[in-house]
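Structural overview for review
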Amino acid sequence: MYGLVEEVRKKREEIWVNEPQEVKASFLTAKGSGDSTFFPCLYGDFEARACHHALYTLRQTLRNGGVDFQTIMLMTQNSLRNYLPYLSWPGLHDSEKFIKDVAEELTTIDSENEFIQLLEELALYVGRLNFWIDQSMPWYELIQAYEAAGASDHK
Amino acid sequence: MSKELRMRVADEVAKIVLLEEEAPETCKKAMAALPLKGNLIHAKIAGKEFFFKAPFFCDPENQVQAQQAGNIGYYDGANSICVFYEAEPGIGTVNLFARITENLSGIQKEGEKGWKKQGAMIEIYE
């Protein structure tokens, strides 16, 4: 009955404790301008977080009432499709394919309650993906470099 | 008698107590998801706080903004379990659902390390 939800939950549980291979690979191979992995990884970090917030907001809107879930379903489908390039650029191709497939299958869900569960599992998935990327970013060194460059004086 | 759990951050183990009367739903969801496992992410704006992902959603209850050292909260907006290792005025509210009762100093040490290098293993367990 809960086929798609279970599928997403299973995928989410796979990455919960074990770092996805695609994240490790992204920091080694994703190339942006200047042949650097920095911006692809930064985009992966920020956009996975933004995708979590979008899914969280859709779930909250549906729970609060006043909108039918078919509308939220279409908004979810478009949101997921819009985030696909931001998964592709850092080389997160496994997640890109997974989210693309989920977006295609959304319309198989016909109950609001089940759709809320799907939004929750999807939000947890991209949120965990975001944390895997975030923890790999050398933030402390970046902060030191930023402060040394006098960035806080550029107002 | 309040329920006691352990929280391991890297090699440090602290004793924590659940605030089941103040935050019953959050405690129930946390208990159902034990052992809670994740990796340390340090707060970038909120000060001396680190957090990790919780595998559940929970509605607001026992919302607290100004934090004491040793407070443990759940932030619904990011499905995160937040550990405040120093007192902070706070930039948002969390469901305050647990407190560190033993070895806060060990957790503070790991929090400071986490500011420089994230990713330490965290586990909350019985």
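Calculation criteria
- Residues numbered from 1 in each chain as written.
- Chains lettered and ligands numbered in written order.
- Predicted model: local features only at pLDDT ≥ 70, side-chain atom pairs only at ≥ 80, totals over all residues.
- Heavy atoms only, no water.
- Helix = DSSP H or I, 4+ residues; strand = E, 2+ residues; numbered from the N terminus.
- Buried < 20%, exposed > 50% of the residue type's maximum accessible area, 1.4 Å probe, protein only.
- Contact = heavy atoms within 4.5 Å.
- Lys, Arg positive; Asp, Glu negative; His and termini not counted.
- Charge placed at Lys NZ, Arg CZ, Asp CG, Glu CD.
- Buried area = accessible area lost by both parts, 1.4 Å probe.
- Salt bridge = Lys/Arg side-chain N within 4 Å of Asp/Glu carboxyl O.
- Pairing = 2+ DSSP bridges.
- Disulfide = S-S within 2.5 Å.
- Phe/Tyr/Trp six-rings, centres within 6.5 Å; stacked < 30°, edge-to-face > 60°.
- Lys NZ or Arg CZ within 6 Å of the ring centre and 35° of its normal.
- 1 Å grid on protein atoms, 1.4 Å probe; cavity = no way out; pocket = protein on both sides within 12 Å on 5 of 7 lines; lining within 4 Å.
- Points joined across faces, edges and corners; volume = space filled by probe spheres on them.
- Nonpolar A, V, L, I, M, F, W, Y, C, P; charged D, E, K, R; others polar.
- Polar contact = N/O pair within 3.5 Å; in protein donor to acceptor, adjacent residues only side chain to side chain.

Attention now goes to the overall build of chain A. The secondary structure content of chain A amounts to seven helices and zero strands. Start at the N end of chain A and walk to the C end: the helices and strands fall as α-α-α-α-α-α-α. Along the three orthogonal principal directions, the C-alpha set of chain A runs to about 55 × 35 × 25 Å. Here chain A, with 155 residues, has 45% of them falling under the buried criterion. A separation of at least 24 residues holds for 76% of the contacts in chain A among residues at least 6 apart in sequence. The average position of the 14 basic charges and that of the 24 acidic charges among the side chains of chain A differ by 2 Å.

Our focus in this paragraph is the interface of chain B and chain A. Residue-level contacts link 23 residues of chain B with 20 residues of chain A. Across the chain B/chain A interface, buried area totals approximately 1900 Å², and carbon plus sulfur atoms make up 62% of it. Scanning the region where chain B abuts chain A turns up two salt bridges. Lys44(B) is the partner of Asp134(A) in a salt bridge, and the nearest nitrogen-oxygen pair spans 3.0 Å.

Residues and elements named next belong to chain B. Pairing geometry for strand S2 (residues 12-18) and strand S9 (residues 94-102), over four bridges, is antiparallel. Considered in S9, the bridge of Val 17 is made with Arg 99. With two bridges connecting them, strand S6 (residues 63-64) and S9 associate as antiparallel partners. Its bridge partner being in S9, Val 64 is matched across the sheet by Val 94. By the bridge criterion, four bridges tie strand S7 (residues 71-75) to S9 in an arrangement that is antiparallel. Bridge assignment links Asn 71 to a residue of S9, and that residue is Arg 99.

One pass over the structure, following the stated rule, counts zero disulfides over all chains. As a non-bridged cysteine, Cys58(B) has Cys27(B) as the owner of its nearest cysteine sulfur, 9.0 Å distant.

So, about the packing of aromatic side chains. Under the defined criterion, the tally for this structure stands at 11 aromatic pairs over all chains. Summarising the aromatic geometry, the rings of Phe38(A) and Phe39(A) are spaced 4.8 Å apart at their centres and angled 70 degrees between planes, so their arrangement reads as edge-to-face. Arranged with centres 5.9 Å apart and planes meeting at 45 degrees, the rings of Phe69(A) and Phe115(A) form a pair that is tilted. With Phe69(A) in helix H4 (residues 69-88) and Phe115(A) in helix H6 (residues 112-136), the pair connects residues that are 46 residues apart, well separated along the chain. This pair shows no difference in class: Phe69(A) is buried, exactly as Phe115(A) is. Through a chain of ring-to-ring contacts, three or more aromatic side chains come together here, namely Phe38(A), Phe39(A), Tyr43(A), Tyr83(A), Tyr86(A) and Trp89(A). Over the face of the ring belonging to Phe98(A) we find Lys11(A), whose NZ or CZ atom lies 5.6 Å from the ring centre. One cation-aromatic arrangement involves Lys53(B) over Phe131(A); the distance from NZ or CZ to the ring centre is 4.2 Å.

Taking a probe equal in size to a water molecule and rolling it over the atoms shows the remaining empty space. Residue and element names in this part refer to chain A. Scanning the entire structure with this criterion turns up two cavities of 30 Å³ or more. The wall of the largest cavity is formed by Tyr 43, Gly 44, Glu 47, Ala 48, Cys 51, Tyr 83, Tyr 86, Leu 87, Leu 92, Ile 99 and Val 126. Among the secondary structure elements, those contributing two or more residues to the lining of the largest cavity are helix H3 (38-64) and H4. For the lining of the largest cavity, the per-class residue count stands at nine nonpolar, one polar and one charged. Looking at the second largest cavity, its volume works out to about 30 Å³. Val 23, Ser 26, Phe 27, Pro 40, Cys 41, Gly 44, Asp 45, Pro 90, Leu 92 and Ile 133 together form the lining of the second largest cavity. With four residues, the top contributor of residues to the lining of the second largest cavity is H3. Taken together, the residues of the lining of the second largest cavity sort by class into seven nonpolar, two polar and one charged.

Residue and element names in this part refer to chain B. Mapped onto the elements, Asn 39 comes out in strand S3 (residues 36-39). With 67 residues separating them in the primary sequence, Asn 39 and Gly 106 have C-alpha atoms 17 Å apart. Among the polar contacts listed, one links the side chain of Asn 39 to the backbone oxygen of Gly 119, at a separation of 3.1 Å.

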